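This is what each chain is made of:
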Amino acid sequence: MIAIIGAGASGLTAAIVAARAGAKVVIFEKNTKVGKKILASGNGRCNVTNENIKTAHYHGENPSFVTYAISQFNTLTCKRFFEELGVVLVEGNKGRLYPKSGQSSSVSSVLAYECERLGVTIKLNALVQDIQSDASGFSLLVNANWLHVRAVLIATGSLAMPTLGGCESGYLFAKKLGHKIISPYASLVQLMSFEDFSSISGVKCVGGVEVYIDNKLATNAFGDILFTNYGISGSAILDISRVVSLGIEQKREVKLKLDLASEYSKEQLKKLLQSRLKYANDKGVDFWLEGFVHSKLARFITKDFHSKRAKDLSPKELNALVFALKYFFLHVKQTLGLKSAEVSAGGVDTSQINPTSLSSKLIPNLYFSGEVLDVDGDCGGFNLHWAWASGYVVGKSMIK
Ligand SMILES: Cc1cc2nc3c(=O)[nH]c(=O)nc-3n(C[C@H](O)[C@H](O)[C@H](O)COP(=O)(O)OP(=O)(O)OC[C@H]3O[C@@H](n4cnc5c(N)ncnc54)[C@H](O)[C@@H]3O)c2cc1C
């Protein structure tokens, strides 16, 4: 009997692959239903995978650890796997693939159905509290009862989003069995700023973001930028959040430079604003900017001279507006942390895991898959892809 701890994306995939090869599988899941994170993923649409799965989209102490698994289970394999389960994947922007139904529930429900069809036992409300290894396998303490199994897969996910099942169980079990844990920290997460953006909360722009750590450019991204009461969010911010989060963990100074008018160079923007002055009439400077930028943002960036009429702006003040839009600096206080993060960076040290079987190098018949490992991916379907791919590889290797 193979026991899988966690009925998330990787645990369910591993169970299906092992059961298809004839293994007897039991999954223990502490939640009341399977795949809670799958259900919440992609804003309820589930960004299942990406057309561009490659090692460069993954991070951790040893990023090449994923190479074998994603070569065995690539985008095509993923599309076929889901097609055979009845889910057609269609492309959105940036190579992202979603179920054609537009519903993440179609993904979790076909995985659950396939497990049931194959005779996999899924125990819900079943919290694994402890694990012990011995010569013949493992003892698991589940809801206060000890059970004995031959092999165990720890597919417990990470600490990210406790409301959906995120917890440290997997790290504690791994540590107890002699494994090292790379300290987890939040990734794909919103950022808190020292500056107060409550007056522009809800303003969304498409633009560029550059991250400066101790005044050195560390990374950049382009996409949605959303101002919030606590700071800043949006797809471009999630994309750079891993680097920011690590900088904050290391107690470094983290600054962001936003370009809120990225379609223009500094000179072009200056010329454009100058030419708009022709039609300014007697408009106040913030009202004059409306129609070009969001009214709340117009008021925010003109706060030092908004009692002025636009036509009375000095060249220096016009320059200040250009700078406010193209060089919008903010200082990051914190991330919103693992309670709000989509994924966690860090986890079980992959140097102690065989990349081709996902078995422990320390304890026979012990396996790991998914986010509990020190592997995290970029935004865009890469994290779920890792969960499916590692589940697929581990499902095959557990039956050998
Ligand atoms: C809001 C949100 C949106 C996301 N959107 C996307 C997206 O669109 N695309 C993408 O690629 N990634 C997305 N992700 C990330 C992705 O969902 C995860 O990386 C992926 O689900 C991890 O799969 P997993 O199987 O490793 O862990 P999980 O899916 O977290 O599953 C682990 C399971 O183990 C259970 N468990 C833990 N400990 C125990 C225990 N002791 N006993 C019993 N059960 C236990 C948990 O309850 C959980 O159900 C999103 C994440 C979040 C939070």
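Just so you know, these numbers come straight off a predicted model, no measurement behind them.

**Q** Teacher, can you tell me more about helix α6 (residues 169–176) here?
**A** Residues spaced three or four apart along an α-helix face the same direction, because each turn holds 3.6 residues. Looking only at α6, the buried set comprises S169, G170, Y171, F173 and A174. Those residues of α6 hidden inside the fold are in contact with β1 (2–5), β8 (128–134), β11 (151–154), β12 (181–187), β19 (343–348) and β20 (366–368). Taken from the residues just after α6, G178 is the one with a positive phi, measuring 95 degrees.

**Q** What am I meant to see in a nonpolar patch on the surface here?
**A** On the surface, a cluster of nonpolar side chains totalling about 270 Å² of accessible area is made up of F323, Y327 and F329. Its place among the elements puts F329 in strand β18 (residues 328–335).

**Q** What is the right way to read the sheet that holds β1 from this model?
**A** Two modes of strand pairing occur in sheets, parallel and antiparallel, and in both the strands are linked by backbone hydrogen bonds. Within the open sheet, the five strands sit side by side as β7-β2-β1-β11-β20. Their pairing is parallel. In the strand order of this sheet, the two ends are held by β7 (121–123) and β20, each with one partner. The mean angle between the axes of side-by-side strands here comes to 20 degrees, regardless of whether they run parallel or antiparallel.

**Q** Any chance you could explain unusual backbone geometry here in plain terms?
**A** The bulk of non-glycine residues show a negative phi, and the bulk of peptide bonds are trans. Notably, A144 is not glycine yet its phi reads approximately 75 degrees, a positive angle. Relative to the assigned elements, A144 resides in the loop between β9 (137–142) and β10 (145–149). Residue A144 is classed as exposed on the basis of its relative accessible area, which comes to 58%. If you check the backbone angles, L188 has positive phi at about 50 degrees while not being a glycine. Counting through the fold element by element, L188 comes out in the loop between β12 and β13 (191–193).

**Q** How should I be thinking about the layout of surface pockets in this particular structure?
**A** A water-sized probe rolled over the atoms picks out the places where empty space is left. Its volume calculated, the second largest pocket comes out at about 200 Å³. Forming the boundary of the second largest pocket are 14 residues, of which F300, I301, K303, A324 and F328 lie nearest the centre. For the lining of the second largest pocket, the elements supplying multiple residues, two or more each, are α10 (295–301), α11 (315–326) and β18. The element that contributes the greatest number of residues to the lining of the second largest pocket is α11, accounting for three residues. Residues belonging to the lining of the second largest pocket are distributed by class as follows: ten nonpolar, one polar and three charged.

**Q** Even after reading the chapter, I still don't get the domain arrangement of the protein, so can you show me in this structure?
**A** The figure often quoted for interface size is the accessible area lost as the parts come together. Segmenting the protein into domains produces domain 1 (2–184 + 345–398) and domain 2 (190–336). Each of domain 1 and domain 2 has a C-alpha centre, and these two points are 39 Å apart.

**Q** What should I look at first to understand the sheet that holds strand β3 (residues 49–50) in this one?
**A** Taken in spatial order, the three strands line up as β3-β6-β5 in an open sheet, and their pairing is antiparallel. One side of each edge strand has no neighbouring strand; the edge strands of this open sheet are β3 and β5 (89–91). Bridge count for β5 against strand β6 (residues 96–99) is three bridges, and the pairing is antiparallel. Within the sheet, the bridge partner assigned to V90 lies in β6 and is Y98.

**Q** It is not clear to me how the packing of aromatic side chains should be interpreted in this structure. Could you clarify?
**A** For any two aromatic rings, the description comes down to two numbers: the centre-to-centre distance and the angle of the planes. Tallied over the full model, the rule gives 14 aromatic pairs. Pairing F73 with F81 gives two aromatic rings, centres 5.8 Å apart and planes at 75 degrees, and the pair type is edge-to-face. As far as burial versus exposure is concerned, F73 and F81 are alike and both buried. Their ring planes at 50 degrees and their centres at 5.0 Å tell us that F73 and Y392 sit as a pair that is tilted. Here Y392 lies in helix α12 (residues 382–398) and F73 lies in the loop between α3 (67–72) and α4 (75–85), a separation of 319 residues in the sequence. Residue classification places F73 among the buried positions, given a relative accessible area of 0%. We classify Y392 as buried; its relative accessible area is 17%. Here the guanidinium or amino end of K303 rests over the ring plane of F300, the centre of that ring lying 3.9 Å away.

**Q** Where do I start with the site of the ligand in this structure?
**A** Contacts to the ligand come from 35 residues, most closely from S10, E29, G42, E371 and L384. Taking S10, its main chain carries an N or O atom lying 2.9 Å from an oxygen atom of the ligand. At 2.6 Å from an oxygen atom of the ligand is found a side-chain nitrogen or oxygen belonging to E29. Elements represented by at least two residues in the shell around the ligand include exactly α1 (9–20), α2 (36–40), α6 and α12. In terms of residue count, α12 provides more of the shell around the ligand than any other element does, four residues in total. Here the residues of the shell around the ligand are counted per class, giving 16 nonpolar, 14 polar and five charged.

**Q** Would you explain the environment of A69 in this entry?
**A** The residue A69 is located in helix α3 in this model. Put simply, A69 and R252 are 183 residues apart on the chain and 34 Å apart in space, counted from C-alpha to C-alpha. Among residues more than four places away in sequence, those in contact with A69 are W386, A389 and V393.

Rules used throughout
Residues numbered from 1 in each chain as written. Predicted model: local features only at pLDDT ≥ 70, side-chain atom pairs only at ≥ 80, totals over all residues. Heavy atoms only, no water. Buried < 20%, exposed > 50% of the residue type's maximum accessible area, 1.4 Å probe, protein only. Helix = DSSP H or I, 4+ residues; strand = E, 2+ residues; numbered from the N terminus. Contact = heavy atoms within 4.5 Å. Patch = residues over 30% accessible without salt bridge, like charges linked within 9 Å, V, L, I, M, F, W, Y side chains within 5 Å. Areas by Shrake-Rupley, 256 points an atom, 1.4 Å probe, with all protein chains shown as cover. Salt bridge = Lys/Arg side-chain N within 4 Å of Asp/Glu carboxyl O. Pairing = 2+ DSSP bridges. Axes fitted to C-alpha atoms, helices over the stretch in contact; angles between N-to-C directions. 1 Å grid on protein atoms, 1.4 Å probe; cavity = no way out; pocket = protein on both sides within 12 Å on 5 of 7 lines; lining within 4 Å. Points joined across faces, edges and corners; volume = space filled by probe spheres on them. Nonpolar A, V, L, I, M, F, W, Y, C, P; charged D, E, K, R; others polar. Domains from an automatic or database assignment. Phe/Tyr/Trp six-rings, centres within 6.5 Å; stacked < 30°, edge-to-face > 60°. Lys NZ or Arg CZ within 6 Å of the ring centre and 35° of its normal. Near = heavy atom within 4 Å. Polar contact = N/O pair within 3.5 Å; in protein donor to acceptor, adjacent residues only side chain to side chain.

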